[in-house]
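Topology and contacts: notes
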Amino acid sequence: MSDINYFTKESLQQLQRELQKLKTVDRPAASKAIAEAREKGDLKENAEYDAAKEAQGLLEAKIKKFEGELATARIVDESEIDTSKVSVLTKVTLTNLNTKKQVTYHLVSEKEADLKSGKISVTSPIGKGLLGKKIGETAAISAPAGIIKFVIDKISV
């Protein structure tokens, strides 16, 4: 995982809302579930109590993860992105030199990555191989199937 998490203003606000919900709604609900399970008797044989404690642990881990992401968050303003080279939040149109097929990827943070919608992480092998490249340059990317070569056709936001 990289040291810096890049976000658009909207996705950062969404993360902040989600964290706020975890802290103000889900955390009290988890505490209440533990209290209710505790009232049901012997804690050694109380599966409901064990499940509630485990759920609380998972919730706290998620809160800690989100807080870590926010601590290293950087907002990237799309209007200030340099499209002369591949960087975070750019859309890159590539031609695979082996198959001659053209594909477009949107380079995003790890959290926003979704291959089905064409969004790949800047920390993925393809993302790392494309960063800093300019139009017309060839990127040789190591994949499980071997080295894949792409030519950068277009860079946009």
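Residues numbered from 1 in each chain as written. Predicted model: local features only at pLDDT ≥ 70, side-chain atom pairs only at ≥ 80, totals over all residues. Heavy atoms only, no water.

**Quick look at the environment of Lys-101**
- Within the element layout of this structure, Lys-101 appears in the loop between β3 (91–96) and β4 (102–108).
- A relative accessible area of 60% means that Lys-101 is categorised as exposed.
- Sequence separation between Lys-101 and Lys-128 is 27 residues; the distance between their C-alpha atoms is 20 Å.
- Ignoring anything within four residues of it in the chain, the contact list for Lys-101 reads Leu-94, Thr-95 and Asn-96. (Helix = DSSP H or I, 4+ residues; strand = E, 2+ residues; numbered from the N terminus. Buried < 20%, exposed > 50% of the residue type's maximum accessible area, 1.4 Å probe, protein only. Contact = heavy atoms within 4.5 Å.)

**Quick word on helix α2 (residues 47–71)**
- An ideal rise of 1.5 Å per residue puts 36 Å on 25 residues; α2 measures up with 36 Å between its terminal C-alpha atoms.
- Residues of α2 that are buried include every one of Tyr-49, Ala-52, Leu-59, Ile-63, Phe-66 and Glu-69, and no others.
- Structurally, α2 contributes buried residues whose contacts are with β1 (5–7), α1 (9–38) and β2 (73–75).
- Where α2 begins, the side chain of Asn-46 points an oxygen toward the backbone nitrogen of Glu-48, at a separation of 3.1 Å. (Expected span 1.5 Å × (residues − 1). Polar contact = N/O pair within 3.5 Å; in protein donor to acceptor, adjacent residues only side chain to side chain.)

**Focus on the confidence of the model for the protein chain**
- Looking at the protein chain as a whole, its pLDDT mean stands at 88, while 98% of the residues score no less than 70.
- Within the protein chain, the element-level pLDDT minimum falls on β1, averaging 78, and the maximum on β3, averaging 94. (pLDDT = per-residue confidence, 0-100.)

**Some remarks on unusual backbone geometry**
- Here the phi dihedral of Leu-89 falls at roughly 70°; this positive angle occurs in a residue that is not glycine.
- For Leu-89, the location among the structural elements is in the loop between β2 and β3.
- Using a relative accessible area of 3% as the deciding quantity, one classes Leu-89 as buried.
- Of note, Lys-100 is a non-glycine position whose phi angle comes to about 65°, a positive value.
- Assignment of secondary structure puts Lys-100 in the loop between β3 and β4.

**Looking at the pattern of salt bridges**
- Evaluation of the coordinates by the stated rule reveals 5 salt bridges.
- For Glu-60, the salt bridge is made with Arg-27, and the minimal N-O distance between the two is 2.9 Å. In this pair, Glu-60 is assigned in helix α2 and Arg-27 in helix α1, connecting sequence segments 33 residues apart.
- When its relative accessible area of 29% is taken as the criterion, Arg-27 is described as partly exposed.
- Between Lys-40 and Glu-48 there is a salt bridge whose closest N-O contact spans 3.0 Å.
- According to the relative accessible area criterion, Lys-40 is exposed, its value standing at 55%.
- What makes Glu-48 partly exposed here is its relative accessible area of 39%. (Salt bridge = Lys/Arg side-chain N within 4 Å of Asp/Glu carboxyl O.)

**Some details on the sheet that holds β4**
- The 5 strands are arranged β5-β4-β3-β7-β6 in an open sheet whose pairing can be described as mixed. Each edge of the open sheet carries a strand with a single partner, namely β5 (119–121) and β6 (138–143). Taking the axes of each pair of neighbouring strands and ignoring which way they run, one obtains an average angle of 45° across the sheet.
- The pairing of β4 with β5 spans 3 bridges and is classified as parallel. Within β5, the position partnered with Val-108 by the bridge is Ser-121. (Pairing = 2+ DSSP bridges. Axes fitted to C-alpha atoms, helices over the stretch in contact; angles between N-to-C directions.)

**Concerning α1**
- An ideal rise of 1.5 Å per residue puts 44 Å on 30 residues; α1 measures up with 42 Å between its terminal C-alpha atoms.
- Residue Asp-26 marks the point of greatest curvature in α1, where the axis turns by about 35°; the proline Pro-28 follows within four residues.
- Considered for burial, the residues of α1 that qualify are Ser-11, Leu-12, Leu-15, Leu-19, Leu-22, Ala-30, Ile-34 and Ala-37.
- Buried residues along α1 sit against β1, α2 and β2. (Bend = angle between axes of the 7 residues up to and from the residue.)

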